[in-house]
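Breakdown of the fold
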Amino acid sequence: MDTISSKKTLIIIPAYNEEGSVARVVKNIRRDVPDADILVVNDGSRDRTARQARQGGAMVMNLPYNMGIGSAVQSGFLFAKEKGYHSAVQVDGDGQHPSSEIPRLLEALDNGVDMAIGSRFVQPTGYRPAFTRSLGIKVFSFLVSLLVGKKVYDTTSGFRATSRRGVLLLTETYPHDYPEVEALITLHRNGMRFVEIPVEMNSRQAGKSSIGAKNAVYYMLKVTLAIFVAIIKRRQR
Amino acid sequence: MEIALHLRVLIGLLCFALVGIIIELIRQNRLKEHYAIIWLCTALSIFIFGIWPDSLNLISRIVRLHHLTTLFLVSFIFLLAIVLHFTLVISQLFDRNRRLTQEVAWLRFEMEQLRQPDND
């Protein structure tokens, strides 16, 4: 175990063909969270994502093929686990997530919760999703709230800070695609708590959403099914 | 139920061919013994139904169905079980492959760090 980073935070940036934005994202994080180590998980990009990330000043872990966002983030968790980081923050490589809010997420972890979610909907923000997406978001919010027993507004946000305890759990079990909602249930089922921190998100600087219209139906079905599966799954450990 | 002699011979030959193919595949290291067991059992069942068709009649009488329906039902359940088994195997392989890939990526990262110690 690496003792130098034993008290440190690891910022995990999963990136697939994000050469247009990843360097800026890394630079912004270095400015706003100078103490943290930054790991870009290059998820089999075919462009110059890895080089851009290195030039921005991040460590780069290259996956040999495109594994999907969940597996990429989990690779970051594995890294954090092996290197002994005491917390991990996942930030999208497209510049949507404001790095200036990372310290607030980490503060929330200090209060003993295992995950802090940067949430778009706790307070009214500028974010206006399209109708179908908005519907999906509401359905997941309803289902997760029902299961967890408290109101959860933004279940699909990929802007999250996770405690070491949470990292150890999610290294073992994390969906390979569309992981955000299911991860919340997994945490809850294993007795861990999460909170939502209202943040204002940026519009993406480059690239496009990982969920195209084509995949929207699959996304809805998969995540809804995953929620119910997560309920009946056996607990870890 | 009567099955014409030439049909029985055909079924018998089919079974021998199947067993022969399976043994050859194992010999060439292309089929895991574990799966060979399934296919050998399949060959055996076909063989039994072939030389002793009354066994099918017996089952038909127990489940009170026409013998063709029974044959169809038995084959269908068998195929379903095999497909389920394969899906289980694929899921397990998927999980292991994923973890393996992640470990490789992490080891490669570590290796690159060792090669350039000044590169933080």
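Now for a quick tour of the structure. (Residues numbered from 1 in each chain as written. Chains lettered and ligands numbered in written order. Predicted model: local features only at pLDDT ≥ 70, side-chain atom pairs only at ≥ 80, totals over all residues. Heavy atoms only, no water.)

1. A word on the pairing of strand E3 (residues 59-62) of chain A
All names here are of chain A. Across the two faces of E3 the burial is the same, with Met59 and Met61 and Val60 and Asn62 all buried. Sheet topology note: the strand E2 (residues 37-42)/E3 ladder contains 4 bridges and is parallel. Pairing of valine 40 across the sheet is with valine 60, part of E3. The parallel pair E2 and E3, bridged by helix H2 (residues 49-56), forms a crossover whose chirality is right-handed. (Buried < 20%, exposed > 50% of the residue type's maximum accessible area, 1.4 Å probe, protein only. Helix = DSSP H or I, 4+ residues; strand = E, 2+ residues; numbered from the N terminus. Pairing = 2+ DSSP bridges. Right-handed = clockwise from strand over helix to strand, strands pointing away.)

2. Quick word on the packing of aromatic side chains
Aromatic rings considered in pairs are described by the distance between their centres and by the relative angle of their planes. The full count for this structure, using the stated rule, is 10 aromatic pairs over all chains. Taking 6.3 Å as the distance between ring centres and 25° as the angle between the ring planes, the aromatic pair formed by phenylalanine 79 of chain A and tyrosine 85 of chain A counts as stacked. The buried category is assigned to phenylalanine 79 of chain A, whose relative accessible area is 0%. Here the aromatic rings of tyrosine 35 of chain B and phenylalanine 86 of chain B are separated by 6.4 Å at their centres, their planes lie at 65°, and the arrangement is edge-to-face. In this pair, tyrosine 35 of chain B sits in helix H2 (residues 33-51) while phenylalanine 86 of chain B sits in helix H4 (residues 67-115), placing the two residues 51 residues apart along the sequence. Using a relative accessible area of 21% as the deciding quantity, one classes tyrosine 35 of chain B as partly exposed. Owing to a relative accessible area of 36%, phenylalanine 86 of chain B belongs among the partly exposed residues under this scheme. Put simply, the rings of Phe79 and Tyr85 of chain A together with Trp106 and Phe109 of chain B touch in pairs and so form one group of aromatic residues. A cation over an aromatic ring shows up here: lysine 150 of chain A above the ring of phenylalanine 194 of chain A, its NZ or CZ 5.0 Å from the ring centre. Taking the ring centre of tyrosine 153 of chain A as reference, the NZ or CZ of lysine 151 of chain A above it sits at 5.7 Å. (Phe/Tyr/Trp six-rings, centres within 6.5 Å; stacked < 30°, edge-to-face > 60°. Lys NZ or Arg CZ within 6 Å of the ring centre and 35° of its normal.)

3. Notes on the interface of chain B and chain A
For an interface, size is often stated in terms of accessible area lost upon the parts coming together. Each side of the interface is counted separately: chain B has 12 residues, and chain A has 22 residues. Summing both partners gives a buried area of about 1500 Å² for chain B against chain A, and 58% of it is carried by carbon and sulfur. The tally of links between chain B and chain A comes to 1 salt bridge. The partner of lysine 83 of chain A in a salt bridge is glutamate 110 of chain B, with the nearest N and O atoms 3.2 Å apart. Linking chain B with chain A are 10 residue pairs in polar contact (both at pLDDT 80 or more). Split by residue class, the side of chain B that touches chain A holds 4 nonpolar, 3 polar and 5 charged. (Contact = heavy atoms within 4.5 Å. Buried area = accessible area lost by both parts, 1.4 Å probe. Salt bridge = Lys/Arg side-chain N within 4 Å of Asp/Glu carboxyl O. Polar contact = N/O pair within 3.5 Å; in protein donor to acceptor, adjacent residues only side chain to side chain. Nonpolar A, V, L, I, M, F, W, Y, C, P; charged D, E, K, R; others polar.)

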